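# Structural overview
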Amino acid sequence: MKGNVTHTLFAVLLIGLYSCKEDKYAEALSPEESIATFNIHENFEVKLFAAEPHIQDPVNLVFDEKGIAYAVEMPDYPYKPEEGKGKGVIKRLEDTDGDGVIDASTVYAEGLADATNLMPWKGGLLVTAAPHIYYLKDDDGDGVADSKTSVFTGFFENNSEAQITNLRLGIDNWIYAANNGQRSDVTFKDAPGEGPLQLRGADFRFRLDKGLFEKESGTAQFGQTFDDWGNKFFTQNTLHIQQTVIPNRYLERHGHLSSNSVNQNISDHELEMFQITPPPYWRAERTRRRNIQYQEQELNRVEYAEDHFTGASGGTVYDGGDFPEGFNGNIFTGEVAGNLVHRDVLAEDKESPTLIAKRASEELDKEFLASTDPWFRPVGFTVGPDGALFLVDFYRQHIETPVSIPDDLKEEMDFMHGMDRGRIYRIVPKSGVSETKVQDFSSLDSKTLVSHLAHKNGWWRTTAQRIILENPKAEYIPLLKDLLSNENPNAQLHALYLLESMGALEQGMVEEALESDNYGVRKNALMLAENFPKLKEKIAEKINDESPIVSLQAILSLGNYEDDFTINQLAKALIEKGENKWFRLGILSSNAGSGEAILKVLDEKYNFSGTEISWKEDYLKEVNHILEGKGIRAKAE
């Protein structure tokens, strides 16, 4: 009898301990139940696009030129798969009954380690899977990839949250990739004799149509996006939106700048967010312990377990053209730890060559979308052919690198719990989005294809751009020239860059673009003007442009020259704008703006060293550093 009582008490204790353990972490909801927990902007609604079993552990979604959806699954997260045993899958998703919800899927490719991102290219898919960027293609039309080629290799591969990812085709025809600033030695299969490109503190970009690859400014983590004018923004955990102010190609002209960091946190609301889920037990407990430690060590430091960005992911510019007025050009960022979607409205900074990210007036104390489902993990977004914003939900009980969690807390956590689940949603305005059926862009006649460069939806424009870039034809040239007179500045820019890619860009076209009413067109026209030496004086005129972004680009573009005209123009610009660190760095990045000749002009014309001002001292110190790097003894004190 006594034994039975003991056994019963022991069983009760086990049940109690198990219940306490289970209570710490909620269980999964069905897709419909999860959607019911979403608090979203009053003008929008969320519709299910795909869910388990057709999709599991999704981290990226793209649509090819036929409008077919492909998604990457990353079931290995957060662990590094064993060599040759990656479980990553690329799925082709199908809606066979036309109701807008995926009801069938095909495995396009499997056995991939650390695959995170896709981009359609020449009928196949480019895939980031550190240490590689692969090219996969279905050669026989059965929906399954038959070939896999490593196009680039050598990328950092020791942290799944900081590896090569986020392929984006820019307006300038370069393909950009996020590298998180990781050290890598990258080789290109089509240029084996060039030796490895050493990446460190930089991102990556390449052009397969020209066989080019190089470093790019920024240290994007998981989230890299561009606005219509090529301004680059990226996401990095606690800093949910940064901008790269100066492209890397300018920073390395003389190779002696003391720092090439050009990341700018452009948020005017810092780290604050408004989640409606409590922090998970492990995070709250870890934060409690750390704060005690900081106090004991008398450190002026506080860690937050909630209401502050810690897992920002997948920032994406919405350019679908179907959202209500004021939403096009907004950036949407997921917060996987806070179970929410944050929205930033971009505005020009009239005093500096950057943009400012602001909260919308109706979201000063709430988020665009927030969920009470702690499994909701919005890792990324895609603008679809229909103008909807597709949201990729990894949907896991836990999303964190295990090495950062104390061992005793990990004992109660199963990091793979939920790996059989995953959701993709469509965010649409209640007024609806376009339902135009996508034709196969690769089979369109030239006139129709080029006309799509003026489409209101960025997916249509970029897809048309890509198809033209993949297979340039002489018949495109007159159509692109006609497009230069289109009232749509997006169409004008696509036409300019595609003409440049085919060697058909003319000086007069660039001159006209330099006078555009749109600052983004003027900014890009300056970069294109670098190909025409006779436009040097036109470039210099734009240093006084009303847009600081255009003004900085003029300084950068003019800095490719080293003659007396350039030196005098940059000296004048330094006097007028040098107080701002970005203008100052733009001038210093050039040989003309950092040599002994400009020092002489500054003293003789402007008595530069006659006044002690901190920014002038900073400039002179950097000139000394540069000249010493060149082996020249400077006289800049």
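Predicted model only: the values in this text are computed from it and were never measured. Once a new chain begins, its residue numbering starts again from 1 and follows that chain's sequence as written. Owing to the predicted nature of the model, reporting of local features is limited to residues with pLDDT of at least 70; listing and counting of side-chain atom pairs is limited to 80 or more, with chain, interface and lining totals taken over all residues. Side-chain measures here rest on the full set of heavy atoms in the structure, leaving out hydrogens and waters.

## Considerations on the overall build of the chain
Put simply, the rule reads: Put simply, DSSP marks the helices as runs of H or I at least four residues long and the strands as runs of E at least two long, and each gets a number from the N terminus on. Computation of the radius of gyration draws on C-alpha atoms, with the globule rule given as 2.2 Å multiplied by the number of residues to the power 0.38. Only protein chains enter the calculation, and the probe is 1.4 Å; a residue is then buried if its accessible area is under 20% of its type maximum, exposed if over 50%, and partly exposed in between. Here, residues are in contact when the closest pair of their heavy atoms is within 4.5 Å. Per-residue accessibility takes into account occlusion by the displayed protein chains alone, with areas from the Shrake-Rupley method and a 1.4 Å probe.
Scanning the chain from N- to C-terminus turns up 17 helices and 28 strands. On C-alpha atoms alone, the chain measures out to a radius of gyration of 26 Å, which is about the 26 Å that the 2.2 N^0.38 rule sets for 637 residues. Based on the C-alpha atoms only, the size of the chain along its principal axes is roughly 105 × 70 × 50 Å. Within the chain, the proportion of its 637 residues that are buried is 56%. Taking contacts inside the chain between residues at least 6 apart in sequence as the whole, the part at least 24 apart equals 63%. Carbon and sulfur atoms make up 47% of the accessible area of the chain, which amounts to about 27,200 Å² in all.

## Quick word on empty space enclosed by the protein
Definition in use: Grid points spaced at 1 Å and placed over the protein atoms alone form the basis of the search, with a cavity being a set where a 1.4 Å probe fits but cannot get out and a pocket an open set showing protein on both sides within 12 Å along at least five of seven lines. Lining residues have an atom within 4 Å of a point. Grid points are joined across faces, edges and corners, and a volume is the space filled by probe spheres set on the points. As a working rule, the residues Ala, Val, Leu, Ile, Met, Phe, Trp, Tyr, Cys and Pro are called nonpolar, Asp, Glu, Lys and Arg charged, and the rest polar, with Gly in that last group.
Here the structure, examined in full by the defined rule, presents 7 cavities of 30 Å³ or more. Forming the boundary of the largest cavity are 31 residues, of which Arg168, Leu169, Asp319, Gly458 and Thr462 lie nearest the centre. Among the secondary structure elements, those contributing two or more residues to the lining of the largest cavity are β3 (58–63), β7 (115–121), β11 (165–169), β17 (224–226), β21 (312–317), β26 (378–383), α7 (458–470) and α9 (489–501). A per-element tally of the lining of the largest cavity places α7 first, with 7 residues. Considering only residue class, the lining of the largest cavity consists of 14 nonpolar, 11 polar and 6 charged. Its volume calculated, the second largest cavity comes out at about 330 Å³. Gly230, Asn231, Pro247, Lys523 and Met527 are the residues nearest the centre of the second largest cavity, which is lined by 26 residues in total.

## Examining the sheet that holds β11
The strands that make up a sheet are held in pairs by hydrogen bonds between backbone atoms, and each pair lies either parallel or antiparallel. Note the following rule: When DSSP locates at least two bridges between a pair of strands, those strands are taken to pair. Note on geometry: axes are lines fitted to C-alpha atoms, helical ones only across the stretch in contact, with angles between N-to-C directions running from 0 to 180 degrees.
The strand order across the open sheet formed by 4 strands is β11-β12-β15-β16, and the pairing between neighbours is antiparallel. Because the sheet does not close on itself, it has two edges, and the strands there are β11 and β16 (212–216). Strand-to-strand twist of the sheet, defined as the mean angle between neighbouring strand axes without regard to direction, takes the value 20°.

## Re the packing of helix α13 (residues 548–558) against helix α14 (residues 564–577)
This is how the line gets drawn: Note that the term roughly parallel is reserved for angles under 35 degrees, roughly antiparallel for angles over 145, roughly perpendicular for angles of 65 to 115, and oblique for everything else. A crossing counts as left-handed when the near helix is turned anticlockwise from the far one by less than a right angle, and as right-handed when that turn is clockwise.
Two elements in contact, α13 and α14, have axes whose closest approach is 10 Å; the angle formed by their N-to-C orientations is 150°. Between α13 and α14, the interaxial angle falls into the category roughly antiparallel. Of the two elements, α13 crosses α14, and the hand of that crossing is left-handed. Across the interface between the two elements, Ser551, Ile555 and Leu558 from α13 touch Phe565, Thr566, Gln569, Leu570, Ala573 and Lys577 from α14. Split by residue class, the contact of α13 with α14 holds 5 nonpolar, 3 polar and 1 charged.

## Side note on the sheet that holds strand β18 (residues 232–236)
Here 4 strands make up an open sheet; going across it, the order is β17-β18-β19-β20 and the pairing antiparallel. Single-partner strands in this sheet number two, and they are β17 and β20 (263–265). Strand-to-strand, the axes of this sheet are offset by a mean angle of 30°, without reference to chain direction. Alignment of β17 against β18, held across 3 bridges, turns out to be antiparallel. Considered in β18, the bridge of phenylalanine 226 is made with lysine 232.

## Some remarks on α7
Applied cut-off: Helix span is expected to be 1.5 Å times the residue number reduced by one. Two N or O atoms form a polar contact when they lie within 3.5 Å of each other; inside protein one atom must be a possible hydrogen donor and the other a possible acceptor, and for residues adjacent in sequence the pair counts only when both atoms belong to side chains.
With 13 residues, α7 should reach 18 Å at 1.5 Å per residue; the first-to-last C-alpha distance of 18 Å fits that figure. In terms of burial, α7 is largely enclosed, as 12 of its 13 residues are buried. Listing the buried residues of α7 in full gives Gly458, Trp459, Trp460, Arg461, Thr463, Ala464, Gln465, Arg466, Ile467, Ile468, Leu469 and Glu470. The N-capping residue of α7, defined by a side-chain oxygen 2.8 Å from the backbone nitrogen of tryptophan 459, is asparagine 457.

## Overview of helix α16 (residues 596–606)
To keep things clear, this is the line we draw: Taken from the helix axis, the directions to the C-beta atoms give the arc we talk about.
Every buried residue belonging to α16 is among Ile598, Leu599, Val601 and Leu602, and all of these are buried. What you see down the axis of α16 is that its buried residues fit within an arc of 160°, all on one side. Exposed side chains of α16 directed beyond 90 degrees from the buried face belong to Lys600 and Glu604. If you follow the buried residues of α16, they end up packed against α14, α15 (581–588) and α17 (614–629).

## Some details on the pattern of salt bridges
How we decide: A pair is scored as a salt bridge if a Lys or Arg side-chain nitrogen falls within 4 Å of a carboxyl oxygen belonging to Asp or Glu.
Under the counting rule described, the total for this entry stands at 36 salt bridges. Between lysine 80 and aspartate 114 there is a salt bridge; the shortest N-O distance is 2.7 Å. Pair noted here: lysine 80 is in the loop between β4 (69–73) and β5 (88–94) and aspartate 114 is in the loop between β6 (104–112) and β7, with a separation of 34 residues, a long-range link. Judged by relative accessible area, lysine 80 falls into the partly exposed class, the value being 45%. Linking glutamate 576 and lysine 572 is a salt bridge whose minimum nitrogen-to-oxygen distance equals 2.9 Å. Of this pair, glutamate 576 and lysine 572 both sit in helix α14, 4 residues apart, roughly one helical turn. Taken together, the salt bridges that share partners define one network made up of Asp172, Arg205, Glu214 and Glu216.

## Looking at unusual backbone geometry
Going from tyrosine 77 to proline 78, the amide bond is cis rather than trans, its omega being 5°. Within the secondary structure, proline 78 is located in the loop between β4 and β5. That bond from alanine 130 to proline 131 is cis: its omega, 10°, falls within 30 degrees of zero. With respect to the secondary-structure elements, proline 131 resides in the loop between β8 (124–129) and β9 (132–137). In this structure, aspartate 307 is a non-glycine residue whose phi angle is positive, near 65°. As for its placement among the helices and strands, aspartate 307 is situated in the loop between α4 (281–296) and β21. Under the relative-accessibility criterion, aspartate 307 is labelled partly exposed at 30%.

## Focus: the packing of aromatic side chains
Here is the rule: Under the pairing criterion, centres of Phe, Tyr and Trp rings, with the six-membered ring standing for Trp, must be within 6.5 Å; the plane angle then separates stacked pairs below 30 degrees from edge-to-face pairs above 60, leaving the rest tilted. A ring is scored as having a charge over it whenever the NZ atom of a lysine or the CZ atom of an arginine sits within 6 Å of its centre and within 35 degrees of its normal.
Using the criterion set out here, one finds 29 aromatic pairs in the structure. Geometrically, the ring pair formed by phenylalanine 38 and phenylalanine 376 is tilted, given 4.8 Å between the ring centres and 45° between the ring planes. Separated by 338 residues along the polypeptide, phenylalanine 38 in strand β1 (residues 38–40) and phenylalanine 376 in the loop between β25 (369–371) and β26 bring together distant segments of the chain. The two residues phenylalanine 38 and phenylalanine 376 agree in class, both being buried. Taken together, Phe44, Tyr318, Phe323, Phe327, Phe332 and Phe368 form an aromatic cluster joined through their ring pairs. Just above the ring of tyrosine 134 sits the side chain of lysine 148; from NZ or CZ to the centre is 4.7 Å.

## Let's talk about a negative patch on the surface
For clarity, the threshold we go by: Candidate patch residues must exceed 30% relative accessible area and have no salt bridge, after which like charges are joined if within 9 Å and Val, Leu, Ile, Met, Phe, Trp or Tyr side chains if within 5 Å. Residues scored as positive are Lys and Arg, those scored as negative are Asp and Glu, and His as well as the terminal groups of each chain are ignored. Here the site of a charge means atom NZ of a Lys, CZ of an Arg, CG of an Asp or CD of a Glu.
A cluster of acidic residues, Asp139, Asp140, Asp142 and Asp146, forms a negative patch at the surface. Along the chain, aspartate 139 turns up in the loop between β9 and β10 (147–153).

## Quick word on the confidence of the model for the chain
Regions with low pLDDT should not have their predicted coordinates read in detail. This is how it is decided: Confidence of the prediction at every residue is given by pLDDT, a number between 0 and 100.
Across the chain, the average pLDDT comes to 93, with 96% of residues at or above 70. Within the model, the stretch residues 1–21 combines pLDDT values under 50 with 1 contact to residues more than four positions away or in other chains.

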